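# Reading the structure
Listed below, chain by chain, are the residues.
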Amino acid sequence: MVESRSKRNAATRVDRLRAQIEEANHRYYVLDEPEIIDAEYDAMLRDLIELETKHPELRTPDSPTQRVGAPASERFAPYEHARPMLSLANAASFDELRAFDERARRLAGRAVQYVCELKIDGLAIALDYRNGSLVRGGTRGDGRIGEDVTANLRTINTIPLRLRSKSLPEFLEARGEVYLRKSNFERLNSAREREGLSVFANPRNAASGGVRQLDPALTAQRRLSFFAYQLVVGDGALQTQWEALRRLESFGLPVNPNIARAATLDGVLEYCEQWEQKRDELDYEIDGVVVKVDDLVLQEHLGVVARDPRWAIAFKFKPREARTKLIDIAVTVGRTGTLNPNAVLKPVRIGGVTVKSATLHNRDYIQNNDIRIGDTVLVTRAGDVIPRVVGPVLAERTGKERRFRMPDRCPVCGSDVDHPPGEAMSRCTNAACPAQVYERVRHFASRGAMDIEGLGDVMAQQLTERTLVRDIADIYRLSEESLAQVPRTGPKSIESLLRNIGRSKERGLAPLLYGLGIRFVGTQTAQILANDFGTIDAIADAREEELQRSEGIGPEVAGSVVLFFKQPANRQMIERLRRARVNMTAPKRTARAAGKLAGKTFVLTGTLPNLTRDEATALIVAAGGKVTGSVSKQTDYVVAGDEAGSKLTKAEQLGIAILDEAALRKLL
Ligand code: IVH
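Residues numbered from 1 in each chain as written. Predicted model: local features only at pLDDT ≥ 70, side-chain atom pairs only at ≥ 80, totals over all residues. Heavy atoms only, no water.

## Examining the overall build of the chain
Threshold: Runs of H or I in DSSP of at least four residues are treated as helices and runs of E of at least two as strands, each being numbered from the N terminus. Using C-alpha atoms as the atom set, the radius of gyration is obtained and then compared with a globule rule of 2.2 Å times the number of residues to the power 0.38. Accessible area is worked out with a 1.4 Å probe on protein chains only. A residue is then buried under 20% of its type maximum, exposed over 50%, and partly exposed in between. By definition in these notes, contact holds between two residues if any of their heavy atoms fall within 4.5 Å. The protein chains shown are the only cover counted for residues, whose accessible areas, like all others here, come from Shrake-Rupley with a 1.4 Å probe. Within this scheme the basic residues Lys and Arg register as positive and the acidic residues Asp and Glu register as negative, but His and the chain ends are omitted. Throughout, a charge is located at the NZ atom of Lys, the CZ atom of Arg, the CG atom of Asp or the CD atom of Glu.
The helix and strand inventory of the chain stands at 25 helices and 24 strands. For the chain, the C-alpha radius of gyration of 28 Å lies close to 26 Å, the compact-globule estimate for 668 residues. Once the C-alpha set of the chain is aligned to its principal axes, its extents read approximately 90 × 65 × 50 Å. A buried classification covers 50% of the 668 residues belonging to the chain. In the chain, 67% of the contacts between residues at least 6 apart in sequence involve partners at least 24 apart. For the chain, the exposed surface amounts to about 32,600 Å²; the carbon and sulfur share of it is 49%. When the 98 basic and 90 acidic side-chain charges of the chain are each reduced to a single mean position, those positions are 2 Å apart.

Spelled out as structure tokens, the structure:
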């Protein structure tokens, strides 16, 4: 009696869990719009596995525990996997890793060595090579049948179309992860934002959507990357996973450089701990560590149970997603007058930090994702990327939520707001709006621009709120008397600030141009224009075609520069800067030509110890060199820092000179 009731309860719970998991799978794989966080999904799946283990009669072939992912969509031809593409069991704690190790050692009857790899947060694919040529590539799908996305995968630069080694097996399958670099993700989202398109919640969604485009040209635009982590060859020539990774590398396939061999579990734990700390230093997202038994014969012996191999496990880092309440949507005004909606959140801990605000991008993002004030929302914090609201948890809606409306008056100055049709961004129409002035002053004084120490956030706010500074030229009219009105300033800090303002007048044309905050003019563009045109007047009077003759200046940048200098207010401001004796010329061209780096092409990769990418670029360009994004035969030097990736490998292959920061400085 008691027994049968507990069984009925179990059956009901199994049904409910299956329905919830199927729904989550559909949202994740098919719609690319997950609504629950990974940890919640994992917990449901675990519960289901536990119930089915206790009540094996409830296990059915179509249970979500019996397959790996979602079925392939019908948009692509099926891709049948010769061997199933498995998924991995998760370990959420070191205790679970210990249990994994104990089981492996027990079954092996001896000590077990491991390979530790980063768990790249992208999507798994398989690549089929025949006699060294890529013939086919597919997604994982349900592990047995995926989607044939060969044409799309061919557009991914790091996937070789031909393998390099001379001793190649006739058939070879390489498996790995397609992913999107964080830097490319940011660029992609800003471009989409400018074009009024919806933005992606995270690099993984952008990568997975990118691989499954119907037009390969659209895949190419995403600039996806790839890391190989598994080699399937029929010839049994491989002994260990470590060797397999080395082989993959020798074939010219990109292998993540941060792999490690661990003789015992202690080494594994150390690796996990280290990378959970360091994950933000990487230019790609990782969500854990994959621990694999190194010995391939032992792997075979350990085998697969249900859907997971017993020779590998995924140690999952603490989740960086959480649910919380969206209390309100606050609107701030940016440098160019854009109205930026920000989520005011009930504070929530995500991956070790408390998050209480997050970006909502623009009006369209809020509308397209149907985000309402009062909603329970899903928030992610991905590395150095600012926290963002992914979307509402619809199941938690009560009906009391309010829709958001972009204000028609600027929340800072009360002027009219323009909502240009077809554009995602609304703008305050008042160029003298203190919020805009504040952002412009901050940018003007920043390190890459006029580098005015002492004119940081707080000071900029004080000066603009008190209207002591109404545009950037006013900075050069500040005096001891006017600065004395600002609270918490003493004679010493005033004197130092005035000295730094005075010094900034000699920064020269390139930093000035960048500091003006012209749309699309970053440090490199500013430097190129400064080098080519020499004075601000030459740039201000140049026509679009003339500007476009400069290297890397396209119609978008040229149009933006012309538009800026067409505004009478901007011309007047330049005149006032001139009267304040701000230097508006570039150092003489001869100085540039004499620079050692004239005509040399550089590629930057990895993180340098002391210089940001912008700073290194500025130094190289100032010395007459050029910085490009990818390594080719035309590249003269690759400057490599920590975590340098495939660019470094490629440079080595091509025999290009590799510099570290110290060597670069020497060259400069
Ligand atoms: S090994 C049986 N290695 O994580 C071995 N997977 O749930 C299966 N992943 O589907 C994969 N980095 O999409 C492996 N270094 C790595 C990985 C990795 C990311 C992904 C992959 C896989 C999922 C495991």
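## A short note on the site of the ligand
Quick note on the threshold: Proximity is defined per residue: if any heavy atom of the residue lies within 4 Å of a molecule or strand, that residue is considered near it. Two N or O atoms form a polar contact when they lie within 3.5 Å of each other; inside protein one atom must be a possible hydrogen donor and the other a possible acceptor, and for residues adjacent in sequence the pair counts only when both atoms belong to side chains.
Taken together, 14 residues surround the ligand, and among them Glu 117, Ile 120, Arg 140, Glu 177 and Lys 292 come closest. A distance of 2.7 Å is found between an oxygen atom of the ligand and a side-chain nitrogen or oxygen belonging to Arg 140. Contact between the ligand and Glu 177: an oxygen atom at 2.7 Å from a side-chain N or O atom of the residue. About the coverage of the ligand: the protein hides 91% of its 510 Å² of free accessible area. Only β3 (114-120) and β10 (286-293) provide two or more residues apiece to the shell around the ligand. No other element matches the four residues that β3 contributes to the shell around the ligand.

## Remarks on the environment of Gly 645
Structurally, Gly 645 can be placed in the loop between β23 (637-640) and α24 (646-654). On the basis of relative accessible area, Gly 645 is assigned to the buried category, the value being 13%. Separated by 389 residues in the primary sequence, Gly 645 and Asn 256 have C-alpha atoms spaced 7.6 Å apart.

## A short note on the state of the cysteines
Definition in use: Here, the term disulfide refers to a pair of cysteine sulfur atoms separated by no more than 2.5 Å.
If you walk through the whole model with that rule in mind, you get zero disulfides. The cysteine Cys 413 is free of any disulfide, with Cys 433 supplying the nearest cysteine sulfur at 3.7 Å. Cysteine Cys 428 shares no disulfide, and the gap to the nearest cysteine sulfur, in Cys 413, comes to 3.7 Å. Under the relative-accessibility criterion, Cys 428 is labelled buried at 7%.

## Considerations on the pairing of strand β8 (residues 225-232)
Using the following cut-off: A pair of strands counts as paired when DSSP detects no fewer than two bridges linking them.
The buried fraction of β8 is high, at six of eight residues. The sheet contact formed by strand β7 (residues 171-179) and β8 spans seven bridges and is antiparallel. Of the residues in β8, the one forming a bridge with Gly 176 is Ala 228.

## Side note on the packing of aromatic side chains
For clarity, the cut-off: Only Phe, Tyr and Trp rings take part, Trp by its six-membered ring, and two of them pair if their centres are within 6.5 Å. Stacked means planes under 30 degrees apart, edge-to-face means over 60, and tilted covers everything else. Note on geometry: a ring has a charge over it if NZ (lysine) or CZ (arginine) is within 6 Å of the ring centre and within 35 degrees of the ring normal.
Counted by the stated rule, this structure contains 10 aromatic pairs. Consider the rings of Tyr 271 and Trp 275, whose centres lie 6.4 Å apart with planes at 55°: the pair is tilted. Taken together, the positions of Tyr 271 and Trp 275, both in helix α9 (residues 265-278) and four residues apart, correspond to about one turn of that helix. For Trp 275, a relative accessible area of 4% corresponds to the buried category. Over the aromatic face of Tyr 79 sits the side chain of Arg 136, whose NZ or CZ is 3.9 Å from the ring centroid. Lying across the ring of Trp 275, Lys 278 places its NZ or CZ 4.5 Å from the centre.

## With respect to helix α13 (residues 457-465)
Every buried residue belonging to α13 is among Met 459, Ala 460, Gln 462, Leu 463 and Thr 464, and all of these are buried. Looking at the buried side of α13, the elements it contacts are α12 (434-445), α14 (480-484) and α15 (491-504). Of the residues trailing α13, Thr 467 is marked for its positive phi of about 50°.

## Structural notes on the pairing of strand β17 (residues 376-380)
Of all five residues in β17, five are buried; the element is thus mostly enclosed. Residues Thr 376, Leu 378 and Thr 380 point to one face of β17 and Val 377 and Val 379 to the other, with burial holding for every one of them. Sheet analysis places strand β14 (residues 321-333) next to β17, joined by five bridges and oriented antiparallel. Within β17, the position partnered with Glu 321 by the bridge is Thr 380.

## Considerations on the pattern of salt bridges
Filter applied, for reference: Put simply, a salt bridge is a Lys or Arg side-chain nitrogen that is within 4 Å of an Asp or Glu carboxyl oxygen.
Tallied over the full model, the rule gives 38 salt bridges. With a closest N to O distance of 2.8 Å, Arg 18 and Glu 52 form a salt bridge. Placement of the pair is Arg 18 in helix α1 (residues 2-30) and Glu 52 in helix α2 (residues 38-54), with a sequence separation of 34 residues. Accessibility classification places Arg 18 together with Glu 52 in one group, the buried group. The closest approach of N and O atoms between Asp 370 and Arg 372, which form a salt bridge, is 3.0 Å. A relative accessible area of 26% places Asp 370 in the partly exposed class. Within the structure, one salt-bridge network assembled from shared partners comprises Asp 370, Arg 372, Asp 375, Arg 397 and Arg 403.

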